[in-house]
Amino acid sequence: MAEFGFNEHHQNEVINYMRFARSKRVLSLKTIDSCFEELKDSRLVEETFTVDEVREMLDGLQAVVRGEVEMELINTAHTNVLLLRQLFSQAEKFYLRLQSDISELENRELLEQVAEFEKTDFKTTDKINQETSKPKLAPLNEGSGVSELLNKEISRLQEENDRLKARLRTLESQAMSVLDEKTRAERALRDLQQVQGEQQVSSSSQEISSLEDTVAALKEDYQRSLSVSAASQKDLQDNLVSAKHELLRVQEQLALAEKELDKKFQQTAAYRNMKEILTKKNEQIKEIRKRLQRYEPNE
């Protein structure tokens, strides 16, 4: 079978199929022979026959032989379909698409080669011991065609994998950029809040310091007023009233400032610290007022 380009394994498969086909052919020929023998034994018992009788016997024999040959041809076609089914099933496991050239089935040169092989090599191979177990079609794992297709499939999968990896790296880079932007934005927001909080605390500290200076000045003025003469007592009282009014105005401003600070710092940690400071300062102011009331006339 060197002419057909088969390896040893495939050559053995062809031989097995030809043995099967030959056994079916021999059985079919025996059936046809039996049809003729039956006709001879059952009908050809007389010495003379009329034309109609001969025609009837030949028509009957023709019908029987035709039925046997037709059944054998149909069975052979179906058997070939089952053989192709096995081959195609194995090919599909490796994602192969086999094709057949129907015109080559009538190639006289190839048919003569097959006939010559059956007359020569095929007869010599009959001497080889047959396998005891039923042979099974082996996977199509030989030949450059299968390897080439598998290599192409592997190359395609590798290229697809490389594209997916590149896409993944791009997405990871984009994700890292987004995370960096988010981190920078959060850091900027915290810095801005911290600066605003420091500015607000500084402004409040300046207001408190100003209030303390005012109270200290009033206290100093009051201390000086103790040493004035009785003639300036009325002026001192007026000054005290003005100072009281100023103190009330300052306290009102302080209250407004506290409300404003409460609104600005109600969600910050600086709010609690500032409130404690203001509470302490209010207590100090109350203490100062208690001390001042001892020097004020009854209202």
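All figures in this text were calculated on a predicted structure; none of them were measured in a lab. (Residues numbered from 1 in each chain as written. Predicted model: local features only at pLDDT ≥ 70, side-chain atom pairs only at ≥ 80, totals over all residues. Heavy atoms only, no water.)

### Section: the overall build of the chain
Of regular secondary structure, the chain possesses seven helices and zero strands. In the chain, buried positions account for 15% of the 299 residues. For the chain, restricting intrachain contacts to residue pairs at least 6 apart in sequence, the fraction spanning at least 24 positions comes to 78%. With the model as given, the accessible surface of the chain reaches about 24000 Å², and the carbon-plus-sulfur share is 53%. (Helix = DSSP H or I, 4+ residues; strand = E, 2+ residues; numbered from the N terminus. Buried < 20%, exposed > 50% of the residue type's maximum accessible area, 1.4 Å probe, protein only. Contact = heavy atoms within 4.5 Å. Areas by Shrake-Rupley, 256 points an atom, 1.4 Å probe, with all protein chains shown as cover.)

### Brief notes about the confidence of the model for the chain
Overall, the predicted model of the chain reaches an average pLDDT of 78, with 79% of residues at or above 70. When mean pLDDT is compared element by element in the chain, helix 2 (residues 51-93) scores highest at 88, while helix 4 (residues 121-125) scores lowest at 58. Under a pLDDT of 50 for its full length, residues 129-134 has, in the predicted model, two contacts with residues more than four places off or in other chains. This model gives residues 136-143 a pLDDT under 50, and the stretch forms 14 contacts once residues within four places in sequence are excluded. (pLDDT = per-residue confidence, 0-100.)

### Focus: helix 1 (residues 8-42)
The terminal C-alpha atoms of helix 1 lie 51 Å apart, and with 35 residues this matches the ideal 51 Å at 1.5 Å per residue to within 8%. Among the residues of helix 1, the N-terminal cap falls to Asn-7, whose side-chain oxygen and the backbone nitrogen of His-9 are separated by 3.3 Å. (Expected span 1.5 Å × (residues − 1). Polar contact = N/O pair within 3.5 Å; in protein donor to acceptor, adjacent residues only side chain to side chain.)

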